[in-house]
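Geometric and topological summary
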Amino acid sequence: MAYQPKKRKMTAEINVVPYIDVMLVLLIIFMVTAPFVTQGVDVELPATSTAKSVADLSKDDSGAPIIVEVDQNGNLGLSVNNGDVVRGLNMNDMLTRVRAELQLNPKSTVLVGGDSRAQYAYIIETLDALNRAGVASVGLMTEPLEQ
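Read on for an overview of the structure. (Residues numbered from 1 in each chain as written. Predicted model: local features only at pLDDT ≥ 70, side-chain atom pairs only at ≥ 80, totals over all residues. Heavy atoms only, no water.)

On to the overall build of the chain, then. Helix and strand counts for the chain stand at 4 helices and 7 strands. Reading the secondary structure of the chain in the N-to-C direction produces α-β-α-β-β-β-α-β-α-β-β. A sequence separation of at least 24 residues applies to 65% of the contacts in the chain between residues at least 6 apart. As presented, the chain carries roughly 11,200 Å² of accessible surface, and 56% of it is formed by carbon and sulfur atoms. (Helix = DSSP H or I, 4+ residues; strand = E, 2+ residues; numbered from the N terminus. Contact = heavy atoms within 4.5 Å. Areas by Shrake-Rupley, 256 points an atom, 1.4 Å probe, with all protein chains shown as cover.)

Dropping the structure here:
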């Protein structure tokens with residue numbers, strides 16, 4: 001009897017196991033490095049005994065808080081609705097974003113958080129610019145005194 005080779009049917013299959021391994025490794029890398037990616041400058045707010053929390057202000061006005069931060073070097077940052085702070089803004093960019101947020105939600109509270117080490121002039125310039133931009137009411141952020 002003569003040997004007859006078996007005809008093998010061609011199959012087109014992709015082995016996805018290596019791709020899954022690579023994706024799991026990437027996921028682990030991103031999970032480990034994510035806490036280090038968050039950029040930010042800690043602002044040391046001055047303390048007071050009559051401070052209200054942002055949550056209390058949000059309940060009163062039913063608007064999302066708009067927080068403008070001024071660090072010790074006069075650099076501006078902006079956070080909307082307790083989101084991430086966008087840093088490195090110049091005054092015009094900050095005013096444009098604040099006006100846009102106020103048009104979307106006019107009941108929003110605008111708060112300025114100045115670093116306790118910041119020059120007073122930086123905070124006053126920010127307050128003046130917000131006033132000229134048409135923001136009617138601006139609050140100043142502080143930390144509650146520890147008793």
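Below, the discussion takes up the sheet that holds strand β5 (residues 110-114). Spatially, β4-β3-β2-β5-β6 is the arrangement adopted by the 5 strands of the open sheet, whose pairing is mixed. Each edge of the sheet is formed by a strand with only one pairing partner; in this case those strands are β4 (86-89) and β6 (138-140). Along the sheet, successive strands turn relative to each other by an average axial angle of 25°, direction set aside. With 3 bridges joining them, strand β3 (residues 76-80) and β4 adopt antiparallel strand pairing. (Pairing = 2+ DSSP bridges. Axes fitted to C-alpha atoms, helices over the stretch in contact; angles between N-to-C directions.)

Below, the discussion takes up the environment of S137. Among the secondary structure elements, S137 is positioned in the loop between α4 (120-132) and β6. Each C-alpha atom, one on S137 and one on S108, is 9.9 Å from the other, the two residues being 29 residues apart in sequence.

Quick look at the nonpolar core now. V68, M94, V98, V110 and L130 are the most contacted members of the largest nonpolar core, which has 18 residues in total. Broken down by secondary-structure element, the contributors of at least two residues to this core are β2 (66-70), β3, α3 (91-104), β5 and α4. Take this core: its biggest share by element is 4 residues, from α3. Beyond its immediate sequence surroundings of up to four residues, L130 is in contact with M94, L95, V98, V110, V112, V135 and V138. (Core = buried A, V, L, I, M, F, W, Y, C linked by side-chain atoms within 4.5 Å. Buried < 20%, exposed > 50% of the residue type's maximum accessible area, 1.4 Å probe, protein only.)

Taking burial as the measure, the 5 residues of β5 include 5 buried ones, the bulk of the element. Covered by surrounding structure in β5 are V110, V112 and G114 together with L111 and G113, the residues of both alternating faces. With α4 bridging β5 and the parallel β6, this β-α-β connection has right-handed handedness. (Right-handed = clockwise from strand over helix to strand, strands pointing away.)

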